[in-house]
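# Remarks on the overall topology
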Amino acid sequence: MAKQLKLTWTKSFIGCPETQRATIKSLGFKKLQQSVIKEDCPQIRGQINKVQHLLMVEELD
């Protein structure tokens, strides 16, 4: 089984560029403090790096 990542949106994107807002939405977030589980892959890691200051990331087995 592939590793999974638990992403939690912890900080608001007010004042952030539109590209970062789009990245948060493309990760599947609808509201603040929401958590989503994603497969660990290079594409998801790239999105996380773009908005890492707004997220909390945990690795699941």
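Whatever comes next refers back to the structure up there.
Residues numbered from 1 in each chain as written. Predicted model: local features only at pLDDT ≥ 70, side-chain atom pairs only at ≥ 80, totals over all residues. Heavy atoms only, no water.

## Considerations on the packing of aromatic side chains
Applying the stated rule across the entire model yields two aromatic pairs. Here Trp-9 and Phe-13 contribute two aromatic rings whose centre-to-centre distance is 5.2 Å and whose plane-to-plane angle is 25 degrees, an arrangement assigned as stacked. You'll find Trp-9 and Phe-13 in the same group, each marked buried. Residues Trp-9 and Phe-29 carry aromatic rings whose centres are separated by 6.0 Å and whose planes lie at 50 degrees to one another, so their mutual orientation is tilted. Of this pair, Trp-9 sits in strand β1 (residues 4–9) while Phe-29 sits in the loop between α1 (18–26) and β2 (35–39), and the two are 20 residues apart along the sequence. Taken as a pair, Trp-9 and Phe-29 share a single burial class, namely buried. Taken together, the ring pairs in this structure connect Trp-9, Phe-13 and Phe-29 into an aromatic cluster. (Phe/Tyr/Trp six-rings, centres within 6.5 Å; stacked < 30°, edge-to-face > 60°. Buried < 20%, exposed > 50% of the residue type's maximum accessible area, 1.4 Å probe, protein only. Helix = DSSP H or I, 4+ residues; strand = E, 2+ residues; numbered from the N terminus.)

## Here's the deal with the nonpolar core
Within the largest apolar cluster, 14 residues are counted, with the highest numbers of intra-cluster contacts made by Leu-7, Trp-9, Ile-24, Leu-27, Phe-29, Leu-54 and Leu-55. Elements that contribute at least two residues to this core include exactly β1 and α2 (42–50). The dominant element in this core, judged by the number of residues it contributes, is β1, at three residues. When near neighbours in sequence (up to four residues on either side) are disregarded, Ile-24 contacts Trp-9, Phe-13, Phe-29, Val-51, Leu-54 and Leu-55. (Core = buried A, V, L, I, M, F, W, Y, C linked by side-chain atoms within 4.5 Å. Contact = heavy atoms within 4.5 Å.)

## Some words on the sheet that holds strand β3 (residues 55–60)
Sheets are built from strands paired through backbone hydrogen bonds, the pairs being either parallel or antiparallel. Strand order in this open sheet of three strands is β2-β1-β3, and the pairing throughout is antiparallel. Whereas interior strands pair on both sides, the edge strands pair on one side only; in this sheet they are β2 and β3. On average, adjacent strands in this sheet sit at an angle of 25 degrees to one another, irrespective of strand direction. Two elements, β1 and β2, share five bridges in a ladder whose sense is antiparallel. Residue pairing in the sheet places Gln-4 in a bridge with Glu-39 of β2. Most of the contacts of α2 go to β1, to which it runs at about 25 degrees, and overall it touches β1, β2 and β3. (Pairing = 2+ DSSP bridges. Axes fitted to C-alpha atoms, helices over the stretch in contact; angles between N-to-C directions.)

## Considerations on α1
The complete set of buried residues in α1 reads Gln-20, Thr-23 and Ile-24. Viewed end-on, α1 has its buried residues packed into an arc of 100 degrees, placing them on one side of the element. Within α1, the exposed residues directed more than 90 degrees away from the buried face are Glu-18 and Lys-25. In the stretch just after α1, Gly-28 is the one whose phi turns positive, near 105 degrees. (Arc of directions from axis to C-beta.)

In short, shape yes, function no, at least from these values alone.
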